[in-house]
Amino acid sequence: MQSIVSTAPDNSRKAVLDYANEIRFGPGYYFLKAGDISFDGRVFGNAFLWSPDSRFFAVQEWESTNEPQGPKTRLLLIDVDTRRECALSRADGGFIVPKRFEADKLIYTKKYPGTGTENEFEIEFLTLNRWENLK
């Protein structure tokens with residue numbers, strides 16, 4: 001499998017998803033490098049989105065690739081300028097997909113393949129107190 005490269009809207013940086021593996025009968029998962037930030041030992045899905053100002057990169061992170069548990073993902077928001085990350089939401093048994101940015105809100109969906117349900121959510125992310133610095 002090939003790498004997936006996503007260029008920020010202002011062409012100032014790229015996110016690269018390098019194929020790692022895939023779950024049986026399911027989607028692949030990837031290693032991520034966003035700008036000059038690497039996420040060693042963590043894996044991500046191929047659902048991602050740059051903010052219009054190229055500052056934020058939203059991506060589906062896989063918390064588990066263990067098949068009996070089913071998919072376990074979370075929506076990770078990376079502030080590439082300040083080198084911080086924030087876990088916005090989780091989907092046990094499903095997949096989180098970032099859809100669009102609207103000012104300081106991120107719109108996303110949670111998809112549950114086992115039940116066929118899909119729900120849309122929004123979160124204001126700038127004022128959250130769970131931002132963590134990246135190494």
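Residues numbered from 1 in each chain as written. Predicted model: local features only at pLDDT ≥ 70, side-chain atom pairs only at ≥ 80, totals over all residues. Heavy atoms only, no water.

Asks: Explain the environment of G26 residue by residue, including any values.
Replies: Structurally, G26 can be placed in the loop between β2 (14-22) and β3 (28-34). Each C-alpha atom of the pair G26 and P71 lies 9.6 Å from the other, and the pair is 45 residues apart in sequence. (Helix = DSSP H or I, 4+ residues; strand = E, 2+ residues; numbered from the N terminus.)

Asks: Could you give an account of the side chain of Q60, naming the residues involved and the relevant values?
Replies: If you trace the backbone, Q60 turns up in strand β6 (residues 56-64). Of note is the side chain of Q60, whose polar atom sits 2.8 Å from the backbone oxygen of I96. Not counting residues within four places of it along the chain, the set of residues in contact with Q60 comprises F44, G45, N46, A47, T73, R74, F95, I96 and V97. (Polar contact = N/O pair within 3.5 Å; in protein donor to acceptor, adjacent residues only side chain to side chain. Contact = heavy atoms within 4.5 Å.)

Asks: Explain the pairing of strand β1 (residues 4-7) to me, and be specific about the residues and the numbers.
Replies: Side chains on a regular strand alternate between the two faces of the sheet. Note that β1 and β2 share four bridges and pair antiparallel. Residue V5 lies in a different strand from β2, and its bridge partner there is V16. Linking two consecutive strands that pair antiparallel, namely β1 and β2, is a turn of six residues; a positive phi of about 65° is found at N11 within it. (Pairing = 2+ DSSP bridges.)

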